[in-house]
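Observations on the model geometry
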Amino acid sequence: MIDLHCHILPGIDDGAASLDDSLAIARLALQDGVRRVVATPHWGEGTFTGTGAEIQERVQALQGELLGRGVEMEILAGAELFLSPEVPARCAEDPLLTLNGSRYLLVEFPLQMVPPYAEQILFELRLRGIVPVIAHPERNAEIASNPELLRKLVDRGVLAQVTAGSLEGTFGFHIRRVAETLVKRQLVQIIASDAHSAHDRPPLLGNAVQRAAQLVGDEAAHAMATTVPEAILRDEEIELPPPQPPQRRSWFSFLRR
Ligand SMILES: [Fe+2]
C-alpha cells in the first residue's frame, strides 16, 4: 500500500518530533503493509512555509537514516497546504509542493467550515493544471452535515482523501458515519493515514481498507490505498466512477433509529 498523507518528517510540524518518532512511524507502517509514504508536513501560516526543495532535502535525509537502519520504506516528498488565497500563486512558483512533484496537491480546509473563497481557489488551481486533493473532508463540519458540498467539488475534478482512523472511529461515531457515507457515495477516492505519531494517530491503513471493502467491495477499497495513490505519484490522469446520489431513507430506517 501507499500512504499519501503522513506527518513523518521529524521536527517540521506537529507530527514526528524526533528521528526516533519517524523511525517508529516507518516501522509500524511497514508492518501494516505500507511500502511507500509521502511526507506531507503542514504548510501555511503558523507552521512550515518553506519550499518544496527544503522538504525534498529533509526527505532525502530521512530516507538515508531509514536505509542506514535497514528500514526499507520509500519516502517521497509532498505537503499539506492549508487552503488560503495565496496557495495558487505559491504553487505556480513552487511546483515541488505537490505530491511527489505531480499535478496533485494535498490541501486542507479549516475543520469548522468550508471557507467562502474555497471554491474559487480550487478552480483557480484547476485552471493552472493542478488537481486539488482535499484532506479528510469527513472531519469538516459543513461537509459532514451536507456532503453535497463535496459532491459539487468532486464533479468538477477535485479529489478527496478519507483518513483511515475516521473509518475506525478514532474521531468518534459521527465522523465514522460521515466517512462511511463518503466512501459509499464515492466522494472520496483515497484512504491515507494522516499519521502524526506511532501512538495517537498511527500510520495504519489495513483495517480501514477492510472496513471500506465492506462498503464498496474489495477491488474499489484496495484501489484507494494502492492503484489510485500510485497513479497520483506517477502523475497520471485518474478515471474515477461518478459519485453516487444520496441514499434515500425508508420509513423503516427512521423507525429503527
Ligand atoms: Fe495532515
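Residues numbered from 1 in each chain as written. Predicted model: local features only at pLDDT ≥ 70, side-chain atom pairs only at ≥ 80, totals over all residues.

Notes on the sheet that holds strand β9 (residues 190-192)
The strands making up a sheet associate through hydrogen bonds between their backbones, and the pairing can be parallel or antiparallel. What counts, and what does not: At least two bridges found by DSSP between two strands is the condition for calling them paired. Comment: elements are numbered from the N terminus, with helices defined as DSSP H or I runs of at least four residues and strands as E runs of at least two.
Taking strand neighbours across the sheet as the criterion, the six strands line up as β3-β5-β6-β7-β8-β9 in an open arrangement whose pairing is parallel. Pairing within the sheet leaves two strands with one partner each, and these edge strands are β3 (42-43) and β9. Here two bridges tie β3 to strand β5 (residues 80-82), and the two strands are oriented parallel to one another. Opposite H42, over in β5, you have E80 as the bridge partner.

Remarks on the pairing of strand β7 (residues 131-135)
Rules: Labels follow a simple rule on C-beta atoms placed from the backbone: if 20 or more others lie within 10 Å of a residue's own, it is buried; if 12 or fewer, it is exposed; otherwise it is partly exposed.
Of all five residues that make up β7, five are buried, and the element is covered over most of its length. Neither face of β7 is open: one carries V131, V133 and A135, the other P132 and I134, and all of them are buried. Bridge count for strand β6 (residues 104-108) against β7 is four bridges, and the pairing is parallel. Counted as the bridge partner of Y104 is V131 from β7.

Structural notes on unusual backbone geometry
Even without being glycine, N100 reaches a positive phi, approximately 55°. Following the sequence through the fold, N100 ends up in the loop between α3 (87-93) and β6. Phi at Q186 is positive, roughly 60°, even though this residue is not glycine. Residue position: Q186 is located in the loop between α8 (173-184) and β9.

Remarks on the sheet that holds strand β1 (residues 2-6)
Filter applied, for reference: Helix axes use the C-alpha atoms of the stretch in contact, all axes being lines fitted to C-alpha atoms, and the angles between their N-to-C directions lie in the range 0 to 180 degrees.
Strands sit in the order β1-β2-β4 across an open sheet of three strands; the sheet is parallel. Two strands in the sheet have a free side with no partner beyond their single neighbour: β1 and β4 (74-77). Neighbouring strand axes in the sheet, compared pairwise and without regard to direction, differ in orientation by 25° on average. Of the strand pairs in this sheet, strand β2 (residues 36-39) and β4 are connected by four bridges, and their pairing is parallel. Within β4, the position partnered with A39 by the bridge is A77.

A look at the packing of α8 against helix α9 (residues 206-216)
Just so we agree on the cut-off: Note on angle classes: values under 35 degrees are labelled roughly parallel, values over 145 roughly antiparallel, values of 65 to 115 roughly perpendicular, and the remainder oblique. Here a crossing is taken to be left-handed if its near helix is turned anticlockwise relative to the far helix by less than a right angle, and right-handed if that turn runs clockwise. Each residue is represented by a C-beta atom placed from its backbone, and any two residues with such atoms within 7 Å are regarded as in contact. Three categories are distinguished: nonpolar for Ala, Val, Leu, Ile, Met, Phe, Trp, Tyr, Cys and Pro, charged for Asp, Glu, Lys and Arg, and polar for the others, with Gly belonging to the last.
Their axes nearest at 9 Å, the elements α8 and α9 cross at an angle of 55°. The orientation of α8 with respect to α9, classified from their angle, is oblique. Relative to α9, α8 is oriented so that their crossing is right-handed. In contact with E180, V183 and K184 of α8, α9 contributes A212, L215 and V216. Looking at the contact of α8 with α9 residue by residue, the classes come out as four nonpolar, no polar and two charged.

Some details on the nonpolar core
Put simply, the test is: To define a nonpolar core, we join buried Ala, Val, Leu, Ile, Met, Phe, Trp, Tyr and Cys residues through C-beta atoms within 7 Å and take the resulting set.
Counting residues in hydrophobic clusters, the biggest one holds 80 residues, and the most contacted among them are I8, V37, A39, L105, V133 and I191. Per-element accounting of this core gives the leading share, five residues, to α8. Those residues within four positions of L105 in sequence are excluded, and the remaining contacts are L81, C91, L97, T98, L125, I130, P132 and V133.

Quick look at helix α1 (residues 19-31)
Keep this limit in mind: Helix span, expected: 1.5 Å multiplied by one less than the number of residues in the helix.
Here α1 is 13 residues long and its end C-alpha atoms lie 19 Å apart, about the 18 Å a rise of 1.5 Å per residue gives. Those residues of α1 not exposed but buried are D21, S22, L23, I25, A26 and A29. Looking one or two places after α1, you find G33, whose phi comes out positive at around 100°.

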